[in-house]
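Architecture and fold: a report
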Amino acid sequence: MNELAELLSTKAQATPVDPILVQFDMGPDGSLFLDTRSGEAKLSGECSEEPETTMTLSAANFKEMLKGTLDPIKAFMGGKMQIDGNMQIAMKLATVISK
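Source: prediction; values computed, not measured.

1. A word on the overall build of the protein
Of the regular secondary structure elements, the protein holds four helices and five strands. Counting from the amino terminus, the protein carries its helices and strands in the arrangement α-β-β-β-β-α-α-β-α. Against the globule reference of 13 Å for 99 residues, the protein gives a C-alpha radius of gyration of 12 Å, in line with a compact fold. When burial is assessed residue by residue, the protein has 39% of its 99 residues classed as buried. Relative to all contacts within the protein whose residues are 6 or more apart in sequence, the contacts with residues 24 or more apart total 61%. When the accessible surface of the protein is split by element, carbon and sulfur atoms take 50% of a total near 5,500 Å². Charged side chains of the protein number 9 positive and 14 negative; the gap between the two group centres comes to 9 Å.

This is how it looks when you write it as structure tokens:
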């Protein structure tokens, strides 16, 4: 999980993101929350607030996306990732993840 958090943090810090609160739910491997509402990207394993968007996928698929070997759009279209909430946020975040 630490490797995934580091990869996501690096990508989120390098690319400006609109103010969002997103959950990456990896089932039994846990969750990561990305919060950019303060102007900087913050990651945590817990959040007391309801995320605007939840992306549900395996840790292995998330790692592939962060490394650039799995396109987020193809993951969604192929059923490897489910999205609950604001689809527009998910689409914007896909560009951050795939860089």
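Next, the rest of the story.
2. Topic: the pattern of salt bridges
On inspection of all chains with the given rule, the structure shows five salt bridges. Linking Glu 3 and Lys 63 is a salt bridge whose minimum nitrogen-to-oxygen distance equals 3.2 Å. Placement of Glu 3 in helix α1 (residues 2-14) and of Lys 63 in helix α2 (residues 59-67) is noted, with a sequence separation of 60 residues between them. Owing to a relative accessible area of 39%, Glu 3 belongs among the partly exposed residues under this scheme. As a salt-bridge pair, Arg 37 and Asp 35 come within 2.8 Å of each other at their nearest N and O atoms. Put simply, Glu 3, Lys 63 and Lys 67 are held in one network by salt bridges that share partners.

Conventions we followed
Residues numbered from 1 in each chain as written. Predicted model: local features only at pLDDT ≥ 70, side-chain atom pairs only at ≥ 80, totals over all residues. Heavy atoms only, no water. Helix = DSSP H or I, 4+ residues; strand = E, 2+ residues; numbered from the N terminus. Rg over C-alpha atoms; globule rule 2.2 N^0.38 Å. Buried < 20%, exposed > 50% of the residue type's maximum accessible area, 1.4 Å probe, protein only. Contact = heavy atoms within 4.5 Å. Areas by Shrake-Rupley, 256 points an atom, 1.4 Å probe, with all protein chains shown as cover. Lys, Arg positive; Asp, Glu negative; His and termini not counted. Charge placed at Lys NZ, Arg CZ, Asp CG, Glu CD. Salt bridge = Lys/Arg side-chain N within 4 Å of Asp/Glu carboxyl O.

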